[in-house]
Amino acid sequence: VQLVESGGALVQPGGSLRLSCAASGFTFSRYGMSWYRQAPGKGRELVASITRLGGSTNYADSVKGRFTISRDNAKNTVFLQMNSLTPEDTAVYLCKASGIFTSDEYWGQGTQVTVSS
């Protein structure tokens, strides 16, 4: 099982990034997917989640209206489009797969997003 995040970078305030999480080793469409983030010295925070077929999404209040989660089950990939970034969005972003029919959970290693001028 692998979850590999990519797309993190250094970006200026107000900028945008698109993160990707490529999954392998399990049946992607049987898993809900989530993005979490962890800033230095802080706990892990749920940013956004999407159901296994993409029919429903949820967002943390801090990112509503700015971030969009989506998935492509044909490509076993989940995305996080991040717009209007602020320094408070600086964190390591991780994706998580949660089994719908099992209790399995898988985590990626994370990708660094730094928002700074």
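Everything below is about the structure printed above this text.
Presented here is an overview of the structure given in this document. (Residues numbered from 1 in each chain as written. Predicted model: local features only at pLDDT ≥ 70, side-chain atom pairs only at ≥ 80, totals over all residues. Heavy atoms only, no water.)

**Some words on the nonpolar core**
Counting 29 residues, the largest nonpolar core has Met33, Trp35, Leu80, Met82 and Tyr93 as its most contacted members. The set of elements that each furnish at least two residues to this core consists of strand 3 (17-24), strand 4 (31-38), strand 5 (44-50), strand 7 (67-72), strand 8 (77-82), strand 9 (91-99) and strand 11 (111-115). Once you skip the residues sitting within four places of it in the chain, Met33 turns out to touch Leu3, Cys21, Phe28, Ala48, Ser49, Ile50, Ile69, Arg71, Val78, Lys96 and Ala97. (Core = buried A, V, L, I, M, F, W, Y, C linked by side-chain atoms within 4.5 Å. Buried < 20%, exposed > 50% of the residue type's maximum accessible area, 1.4 Å probe, protein only. Helix = DSSP H or I, 4+ residues; strand = E, 2+ residues; numbered from the N terminus. Contact = heavy atoms within 4.5 Å.)

**Observations concerning the sheet that holds strand 3**
The antiparallel open sheet is built from four strands, whose spatial order is 1-3-8-7. Strands at the two margins of the open sheet, each flanked by one partner only, are strand 1 (2-6) and strand 7. Direction aside, the axes of adjacent strands within the sheet are offset by 15° on average. Across five bridges, the pairing between strand 1 and strand 3 is antiparallel. Looking at the pairing, Ser6 lines up with Ser20 of strand 3. (Pairing = 2+ DSSP bridges. Axes fitted to C-alpha atoms, helices over the stretch in contact; angles between N-to-C directions.)

**Some words on the state of the cysteines**
Such a bond, covalent and formed between the sulfur atoms of two cysteines, is termed a disulfide. Per the counting criterion, the structure on display carries one disulfide. The partner cysteine of Cys21 in its disulfide is Cys95, sulfur to sulfur 1.9 Å. As the torsion about the S-S bond is roughly 45°, the Cys21-Cys95 disulfide counts as right-handed. One end of the pair, Cys21, is in strand 3; the other, Cys95, is in strand 9, and 74 residues separate them in sequence. We note that Cys21, like Cys95, is buried. (Disulfide = S-S within 2.5 Å.)

**Thoughts on the pattern of salt bridges**
For the coordinates displayed, the defined rule picks out five salt bridges. Notably, a salt bridge pairs Asp89 with Arg37, separated by 2.9 Å at the nearest N-O pair. Taken together, the residues Asp89 in the loop between strand 8 and strand 9 and Arg37 in strand 4 connect sequence positions 52 residues apart. Ionic pairing is found between Asp89 and Arg66, a salt bridge with its closest N-O pair at 2.8 Å. (Salt bridge = Lys/Arg side-chain N within 4 Å of Asp/Glu carboxyl O.)

**Describing unusual backbone geometry**
Notably, Asn76 is not glycine yet its phi reads approximately 50°, a positive angle. On the secondary structure map, Asn76 appears in the loop between strand 7 and strand 8. With relative accessibility at 27%, the residue Asn76 sits in the partly exposed group. Positive phi is not limited to glycine here, since Ser84 has a value of about 50°. By the secondary structure assignment, Ser84 is in the loop between strand 8 and strand 9.

**Considerations on the packing of aromatic side chains**
Here the structure, examined in full by the defined rule, presents five aromatic pairs. Seen in terms of ring centroids, Phe26 and Tyr106 are 5.2 Å apart; in terms of plane orientation they differ by 45°. Their pairing is tilted. Here Phe26, found in the loop between strand 3 and strand 4, pairs with Tyr106, found in strand 10 (residues 105-107); they are 80 residues apart in sequence, far enough to count as distant. The exposure class assigned to Phe26 is buried, which follows from its relative accessible area of 13%. Taken together, the ring pairs connect Phe26, Phe28, Tyr31 and Tyr106 into an aromatic cluster. Above the plane of the ring of Phe79 lies Arg18, whose end atom (NZ or CZ) is 4.0 Å from the centre. (Phe/Tyr/Trp six-rings, centres within 6.5 Å; stacked < 30°, edge-to-face > 60°. Lys NZ or Arg CZ within 6 Å of the ring centre and 35° of its normal.)

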